[in-house]
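Per-entry structural report
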Amino acid sequence: MSRTKYLIGNWKMNHTITESKEFCYNLPAIINLADRKNVKIGVCPSFLSLNTVRRNTPFSFIVASQDVHYEQKGAFTGNVSIPMLKEIGITYSLVGHSERRQYQHETNEICNKKIKALVENNFKVIYCVGETLSEYENELTQTVVEQQIREGLLEIQAKDMSKIIIAYEPVWSIGTGINASAEIAESVCAFIRKTISELYSEEIAEQTSIIYGGSVNSDNIHSYMTTDNVDGALVGGASLNIVSYKKLVENF
Ligand code: PGA
């Protein structure tokens, strides 16, 4: 069985509602191209733009939240809940992006609460993991990533693993223009697959899509797709502009 391939744009704190809507105008041809290439594509707009993008794209186009709260409702000023997302047709969410780990102090334990709440509500989760530069330099990549996987997926049952996509994003490569080589991405993604196989089974590990993120652009995206264990890309900067987004799909 071949694994699902993904190309997901992470818009971070970019694009107003108007700009998000403009992005959608030229998407139909790109979605057709992606279908022909057998890759599922989508974007993660800001909370404000989620509804607009969802309403201006076909359902096959993934529209994912960048974050979510693990409680269904309550006194959590500034947060957004799963039922709020569900109501506007959102069924995917990022969890644990390194910018949230860094600036919002999200721990593996908080990520785990979010992942649990999301899978219980039948969402698909794009769980981000990856080491910092100093961890990389100290050869701690496997230790850090294994802990992020084990703690983030704690008590997630095998039956729910089909709802999980892992995004390996080394912090040192995000927004820096220094992308991890295809060899590095392949070796860490293979290690993540081995970890999932130990936690669950070889079959589940083989079926789990693991994507790479960090300074991916239309020139380097294809190198990842020639590896055995990288099943796509999570792209920040190069996903913002529709022309550049189209090139990512063309060169996937
Ligand atoms: P970048 O961001 O492509 O701009 O490096 C990737 C990400 O943060 O997901």
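Bear in mind the structure is a predicted one, so any value in this text is a computation, not a measurement.

1. Focus on the overall build of the chain
Helices and strands together make up the secondary structure of the chain, namely 12 helices and eight strands. In terms of C-alpha radius of gyration, the chain reaches 17 Å, essentially the compact-globule figure of 18 Å for 252 residues. Expressed as lengths along the three principal axes of its C-alpha atoms, the size of the chain is roughly 45 × 45 × 35 Å. Looking at the 252 residues of the chain, the share that counts as buried comes to 53%. Partitioning the intrachain contacts of the chain with sequence separation of at least 6 by distance along the chain shows that 71% fall at a separation of at least 24. Of the accessible surface of the chain, which amounts to about 11,800 Å², a share of 50% is contributed by carbon and sulfur atoms. The averaged location of the 29 negative side-chain charges in the chain is 8 Å from the averaged location of its 24 positive side-chain charges.

2. Observations concerning the pattern of salt bridges
For the coordinates displayed, the defined rule picks out 16 salt bridges. With a closest N to O distance of 3.2 Å, Glu206 and Arg3 form a salt bridge. Taken together, the positions of Glu206 in helix α10 (residues 202-207) and Arg3 in the segment before β1 (5-10) put the pair 203 residues apart, joining distant regions of the chain. A relative accessible area of 43% places Glu206 in the partly exposed class. Across the pair Asp160 and Lys163 runs a salt bridge, and its minimum N-O distance is 2.7 Å. Judged by relative accessible area, which is 9%, Asp160 ranks as buried. One network of salt bridges, with partners in common, ties together Arg3, Lys5, Arg193, Glu206 and Asp231.

3. Brief notes about the side chain of Lys163
By the secondary structure assignment, Lys163 is in the loop between α8 (141-152) and β6 (164-168). Take Lys163: its relative accessible area is 15%, and that puts it in the buried class. Within the structure, Lys163 has its side chain in polar contact with the side chain of Asp160 (distance 2.7 Å). Residues within four places of Lys163 in sequence aside, it is in contact with Val119, Asn122, Phe123, Lys124 and Val125.

Each value, and the rule that gives it
- Residues numbered from 1 in each chain as written.
- Predicted model: local features only at pLDDT ≥ 70, side-chain atom pairs only at ≥ 80, totals over all residues.
- Heavy atoms only, no water.
- Helix = DSSP H or I, 4+ residues; strand = E, 2+ residues; numbered from the N terminus.
- Rg over C-alpha atoms; globule rule 2.2 N^0.38 Å.
- Buried < 20%, exposed > 50% of the residue type's maximum accessible area, 1.4 Å probe, protein only.
- Contact = heavy atoms within 4.5 Å.
- Areas by Shrake-Rupley, 256 points an atom, 1.4 Å probe, with all protein chains shown as cover.
- Lys, Arg positive; Asp, Glu negative; His and termini not counted.
- Charge placed at Lys NZ, Arg CZ, Asp CG, Glu CD.
- Salt bridge = Lys/Arg side-chain N within 4 Å of Asp/Glu carboxyl O.
- Polar contact = N/O pair within 3.5 Å; in protein donor to acceptor, adjacent residues only side chain to side chain.

Don't take any of this as a statement about function, it's just geometry.
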